[in-house]
Structure formats: structure tokens, C-alpha cells
Amino acid sequence: MFHKISLITITCLLVASCSMNAQTKRVLIFSKTAGYRHASIETGVKAIKTLGTEHNFNVDATEDAAIFTTDSLKKYDAIIFLSTTGDIFNKTQQAGFKKYIQAGGGFVGIHAASDTEYKWPWYGKLVGAYFESHPPGLHQANIQIKDTTHLATKVVPKLWSHKDEWYNYKNINPDIKILANLDESSYTGGTNGKNHPIVWYHAYDGGRMFYTGLGHPTEAYTDAVFLKHILGGIQSVFVK
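With that out of the way, let us pick up the nonpolar core. By size, the foremost hydrophobic cluster in this structure holds 69 residues, and its most contacted members are Phe81, Phe97 and Tyr123. Apart from the residues within four sequence positions on either side, Phe81 is in contact with Phe30, Phe68, Ile88, Phe89, Phe97, Phe107, Val108, Gly109, Ile110, Ala113 and Tyr123.

A separate point is unusual backbone geometry. Even without a glycine there, the phi angle at His111 is positive, about 50 degrees. With a relative accessible area of 0%, His111 lands in the buried category.

Examined against the element boundaries, Thr116 turns out to sit in the loop between strand E4 (106–110) and helix H5 (121–127). For Thr116, a relative accessible area of 0% translates into the label buried. A polar atom in the side chain of Thr116 sits 3.1 Å from the backbone oxygen of Ala112. A polar contact of 3.5 Å, which involves the side chain of Thr116, links it to the backbone oxygen of Ala113. Setting aside anything within four residues of it in sequence, one finds Thr116 in contact with Thr84, Thr85, Gly86, Ile88, Tyr123 and Tyr130.

What follows deals with the sheet that holds strand E6 (residues 139–145). Strand order across the open sheet formed by nine strands is E2-E1-E3-E4-E11-E10-E9-E6-E7, with mixed pairing between neighbours. Each edge of the sheet is formed by a strand with only one pairing partner; in this case those strands are strand E2 (57–62) and strand E7 (159–164). Neighbouring strand axes in the sheet, compared pairwise and without regard to direction, differ in orientation by 20 degrees on average. Against the sheet, helix H4 (residues 91–102) touches strand E3 (78–82), E4, strand E10 (197–204) and strand E11 (207–212), its axis set at about 130 degrees to E3. Packed onto the sheet, helix H6 (residues 224–236) meets strand E1 (25–30), E2, E3, E4, E7, E10 and E11 and runs at close to 165 degrees relative to E11.

Taken as a whole, the chain shows an average pLDDT of 92; of its residues, 90% reach a score of 70 or greater. A low-confidence stretch, residues 1–5 (pLDDT under 50), is modelled with zero contacts involving residues beyond four sequence positions or located in other chains. Confidence drops under pLDDT 50 across residues 7–22; counting only partners more than four residues distant or on other chains, this segment forms one contact.

Turning our eyes to something else, we now look at the packing of helix H2 (residues 41–55) against H6. In the contact formed by H2 and H6, the axes pass within 11 Å of each other and the chain directions differ by 70 degrees. If you check the angle between H2 and H6, you find them roughly perpendicular. The handedness of the crossing between H2 and H6 comes out as right-handed. Each of Ala47, Ile48, Leu51 and His55 in H2 lies in contact with H6, whose residues at this interface are Leu227, Ile230, Leu231, Ile234 and Gln235.

Here the focus is the environment of Tyr201. Among the secondary structure elements, Tyr201 is positioned in strand E10. Classification of Tyr201 as partly exposed rests on a relative accessible area of 29%. Residues within four places of Tyr201 in sequence aside, it is in contact with His150, Ile176, Lys177, Leu179, Met209 and Phe210.

A full pass over the atoms with the stated rule returns five salt bridges. Between Asp71 and Lys74 there is a salt bridge, with its nearest N and O atoms 3.7 Å apart. The same class applies to Asp71 as to Lys74, namely exposed. Where Asp87 meets Lys119, a salt bridge forms, and the shortest distance between an N and an O atom there is 3.9 Å. Note that Asp87 is positioned in the loop between E3 and H4 and Lys119 in the loop between E4 and H5, a separation of 32 residues in sequence. Residue classification places Asp87 among the partly exposed residues on the basis of a relative accessible area of 40%. By relative accessible area, which is 71% here, Lys119 ends up exposed. Among the ionic contacts, a cluster of salt bridges with common partners joins Arg37, Glu42 and Glu63.

Rules and cut-offs
- Residues numbered from 1 in each chain as written.
- Predicted model: local features only at pLDDT ≥ 70, side-chain atom pairs only at ≥ 80, totals over all residues.
- Heavy atoms only, no water.
- Core = buried A, V, L, I, M, F, W, Y, C linked by side-chain atoms within 4.5 Å.
- Buried < 20%, exposed > 50% of the residue type's maximum accessible area, 1.4 Å probe, protein only.
- Contact = heavy atoms within 4.5 Å.
- Helix = DSSP H or I, 4+ residues; strand = E, 2+ residues; numbered from the N terminus.
- Polar contact = N/O pair within 3.5 Å; in protein donor to acceptor, adjacent residues only side chain to side chain.
- Pairing = 2+ DSSP bridges.
- Axes fitted to C-alpha atoms, helices over the stretch in contact; angles between N-to-C directions.
- pLDDT = per-residue confidence, 0-100.
- Parallel < 35°, antiparallel > 145°, perpendicular 65-115°, else oblique.
- Left-handed = near helix turned anticlockwise from the far one by under 90°.
- Salt bridge = Lys/Arg side-chain N within 4 Å of Asp/Glu carboxyl O.

Following this line, the structure appears as C-alpha cells:
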């Protein structure tokens, strides 16, 4: 009887282990820059890989846009644009990324992902807004959390004081669901007014997206609160 129970137990553990491995998510970090390059990118890649190790998802990273084909992207549950800048795709690569989203893919934009592909209106609507300007340097400012139930914002203070480079936005997609606003009275240089979105999400063209304007300084990627914020954003767009 002891041997039978042991064999059954071992079999169950093996099945559970295989099932867990089958469910492991995979994400792609894309950090190609054709304009300004953030010094925090390499640290950010390492931090997200560590999050993957700690929270059971696999992470690949590349700056080669040739991976943006239907076949290459279909294995990913989310694609993270980590401070990409400028025009980073040719027409074929744009088509591959668009098909990925239309097939239900997940997209996460961090910081300068909004400073990317200004000539591609589809991408502008996906990311939710384009970068317009920012005051020089880093500033401590207050972030007002509007939705405390989302995975990316329930893990941060409802009034979050954070130091970063604060973007002003243009061409804001009216369909985005704003998770947090930036309080322009708490720093100098904001131009969006009382309604200054800084974190948002929405469903778009068959897929899901999340964007945070935070993430400029290298030290952000060792900030436990910021990393919880990023982790929640990634998990929120995973393909179910």
C-alpha cells in the first residue's frame, strides 16, 4: 500500500509540474532606439528578467526588429517596449506587430514607448498618446491613483510621491482607461492640466495594452514599489 500511495503521489506531482511548466508565460522586451537612448534600458532589462524569474514567466530581450513577424511573435504572451524611441520598424515589421495585437496579443509600454513611431497612427492609438515635451531633469511629483483595483496600481500608494522625468502628452486616445493622473501642482513644467494621464490601459484592435510614463531613471529599476507597478502592468496584459 505504501508503494502504491508513493507512486500515485509522485505521478500527481509530475503531472502538476508539467502543467505548471505548460502554463509559464513568455514575454519579449524590445528596446530598439532610433532617437534618444535612455541609460536605464540595460538595468531595466535585467530588472524585468529578475521579475520573470521570481514570478514564473520567461523573458527574452532584443533590439532586432526583424523578430516582428507573425511566426516569431506568436509564442509571446506580452511584448514590452522599454523606452523605445523614433521610427523603429519597416512596413513588414509593422504588419507583423499589428497582426500580433489583432490576434489577441498583450503590449506593455514603458516611458519612451510613447516617443516612438510618430508616423504610424495605428501605433499611436495603441500606445494611447505621444510624448510631446518634458521639463528638464528629474522631479519629485505626486501621482494620483484613480483605479485601486488594477494589478499595476493596487500595489502602490493612492497618493504616490515619485521622482522621474515627467512627460507631457499629445494625441491622447480618448478610449484609454486612465489608472493614474500626474498632479501638476506638485512640480513645475506640466502642460496637460488637471487631467494629466500618466498610467493607463485599454483594449485595442483585438489586444490588450498597458502604459506607464514612469521609468526614466536607472534607479527606478531598483525601487521595489516601481517594480511591483511594472509587474502588475505586465501581468495585466497576459494572454489568457
